[in-house]
Amino acid sequence: MVVPAPELPARVRIHEVGARDGLQNEKAVVPTEVKAEFVRRLADAGLTTIEATSFVRPEWVPQLADAERLFPLVREVSGVELPVLVPNQRGLERALALGADRIAVFASATETFAKANLNRTLDESLALFEPVVRRAKDAGAWVRGYVSMCFGDPWEGAVPLPQVVRVCTALRDMGCDELSLGDTIGVATPGQVRQLLTALNADGVTTATLAVHFHDTYGQALANTYAALEHGVSTVDASAGGLGGCPYAKSATGNLATEDLLWMLRGLGIETGVDLSRLVATSAWMAGRLGRPSPSRTVRALSPKEQ
Ligand code: HMG
Ligand code: MG
């Protein structure tokens, strides 16, 4: 049943991260052709922003070491934007050489995670991204800046708000078109979300340039998303079937499942352009490839047969 909420955005753009955030965390390396099929099926379900892969150092994330083979297989899928992660100039050149036109750099709000994920201090990592963003913009690419550990860090605990805001504004000042606020380990609660969004607005970061990226470790991802929608955020990251995690953040579990998000948005009368049953079928198919059931409640509820 649909009960519209006129105070919320009328339309939400889902930034689908299953093929990247999801598959980077799988123990087994998924065959390239299966990844390509996954992206095609996500597009068939109506998703228009599908984060395809990462051009990181292959030794760091072997699961996505096939980026050079995968990207050309999905590049021609029509009607989709295919952002890719790049950590540095080397990654950017690899991505641009294949025709990528939407890239994402990924910063951390904490020192410990900057070290664990990028082998750099926080300031060194911002210095690493500066020429990457500039060169990407010069090449005509659209650039997203992720900020991880916005709401808590497994090593450092609570993260001071001004520290998060500093990293966000640094990425904004570099020229990032969009910032995605990451709850990498899924510890946030809705009041924190409201607090960070308000603080960012106060520093001139407009809500229209913000996306939210919640992992669901403590079951808070949907509540946090709702808080972000109430604030006016209309770009939400999610992962088909709830795949995901981060290999360099202990206690990171899957992302908010795209199907769970869709169930809520549909009930609120919010447009996404995504077909829920097709997406459930895709996640059930992927669960079969991975050999385990999807953690998404909605996928399980709508897939009567054993996955
Ligand atoms: P490093 O080991 O310090 O590398 O890694 P380096 O800069 O010292 O370079 C050493 C060698 O690696 C050089 O080769 C480079 O060319 C090569 P050599 O000259 O010795 O022959 N190299 C590369 N090769 C291919 N592609 C590259 C590349 N870069 C260097 N891009 C580095 C530093 C940043 C590269 C590494 O730490 C890295 O790749 N990290 C990525 C980790 C990652 O992908 N984490 C997961 C994504 S983030 C996430 O999931 C969070 C998010 O979802 C949001 C949230 O939930 O919060 C986005
Ligand atoms: Mg993530």
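Just above, that's the structure.
Residues numbered from 1 in each chain as written. Chains lettered and ligands numbered in written order. Predicted model: local features only at pLDDT ≥ 70, side-chain atom pairs only at ≥ 80, totals over all residues. Heavy atoms only, no water.

1. Section: the overall build of the protein chain
Stated formally: Secondary structure elements follow DSSP: runs of H or I no shorter than four residues count as helices, runs of E no shorter than two count as strands, and numbering proceeds from the N terminus. A radius of gyration in this sense is built from C-alpha atoms; the matching globule rule multiplies 2.2 Å by the number of residues raised to 0.38. For every residue, the accessible area (1.4 Å probe, protein chains only) is compared with the maximum for its type, and the residue is labelled buried under 20%, exposed over 50%, or partly exposed between those bounds. Any two residues whose heavy atoms approach within 4.5 Å are treated as being in contact. Within this scheme the basic residues Lys and Arg register as positive and the acidic residues Asp and Glu register as negative, but His and the chain ends are omitted. Charge positions come from single atoms, namely NZ of Lys, CZ of Arg, CG of Asp or CD of Glu.
When you go through the protein chain residue by residue, the secondary structure sums to 12 helices and nine strands. The globule rule puts the C-alpha radius of gyration for 307 residues at 19 Å, and the 18 Å found for the protein chain is close to it. Overall size of the protein chain, expressed as C-alpha extent along the three principal axes, is 50 × 45 × 35 Å. Here the protein chain holds 307 residues, and the buried ones make up 57% of them. Partitioning the contacts of the protein chain with sequence separation of at least 6, the portion at a separation of at least 24 is 76%. Between the centroid of the 30 positive side chains of the protein chain and the centroid of its 35 negative side chains there is a distance of 4 Å.

2. Some words on the pattern of salt bridges
Opposite charge on two side chains allows them to pair when their charged atoms are near. Basically, it comes down to this: In what follows, salt bridge is the name for a side-chain nitrogen of Lys or Arg lying within 4 Å of a carboxyl oxygen of Asp or Glu.
Inspection of every chain in the model, using the stated rule, returns 19 salt bridges. One salt bridge in this structure joins Arg 40 and Glu 37, with 3.0 Å as the shortest N-O distance. Of this pair, Arg 40 and Glu 37 both sit in helix 2 (residues 32–44), three residues apart, which is roughly one turn of that helix. Look at Arg 40 and you get partly exposed, because its relative accessible area is 27%. Salt-bridge contacts for Arg 134 lead to Glu 130; the nearest nitrogen and oxygen are separated by 2.8 Å. With Arg 134 and Glu 130 both in helix 6 (residues 122–138), this residue pair falls four residues apart, about one helical turn.

3. Observations concerning the nonpolar core
So the rule is basically this: Residue types Ala, Val, Leu, Ile, Met, Phe, Trp, Tyr and Cys, when buried and joined through side-chain atoms within 4.5 Å, form a set referred to as a nonpolar core.
Counting residues in each nonpolar core, the largest one holds 101 residues, and the members touching the most others are Phe 38, Val 84, Val 86, Ile 103, Val 105, Leu 171 and Met 286. If near-sequence neighbours (up to four positions away) are discounted, Val 105 is found in contact with Val 86, Phe 129, Val 132, Val 133, Arg 144, Gly 145, Tyr 146, Leu 171 and Cys 176.

4. Quick notes on helix 3 (residues 67–74)
The condition is simple: Here the arc refers to the directions that run from the helix axis out to each C-beta atom.
For helix 3, every residue scored as buried is listed here: Ala 67, Leu 70, Phe 71 and Val 74. Taken end-on, helix 3 shows its buried residues confined to a sector of 100°, consistent with a single buried face. Of the surrounding secondary structure, the elements contacted by the buried residues of helix 3 are helix 2, strand 3 (53–54), strand 4 (84–85) and helix 4 (89–97).

5. Points about the side chain of Lys 35
Tracing the backbone through its elements, the reader meets Lys 35 in helix 2. Here Lys 35 is in contact with Leu 23, Val 30, Gln 63, Leu 64, Asp 66 and Leu 70, once residues within four sequence places are set aside.

6. Topic: the environment of Val 56
Relative to the helices and strands, Val 56 is located in the loop between strand 3 and helix 3. Taking the C-alpha atoms as reference points, Val 56 and Gly 91, separated by 35 residues in sequence, lie 5.8 Å from one another. Discounting chain neighbours no more than four positions away, the residues touching Val 56 are Val 61, Pro 87, Arg 94 and Phe 106.

7. A word on the coordination of the magnesium ion (ligand 2)
Rule in force here: Each metal site lists N, O and S donors within 2.8 Å (3.2 Å for Na, K and Ca). With water left out of the atoms, a site can look as if it is missing ligands.
Here the magnesium ion (ligand 2) is held by Asp 21 (OD), His 213 (NE2) and His 215 (NE2), and the distances to it run 2.1 to 2.3 Å. Spacing between the donor residues of the magnesium ion (ligand 2) along their common chain follows D-x191-H-x1-H. Here the two residues His 213 and His 215 agree in accessibility, since each one is buried.

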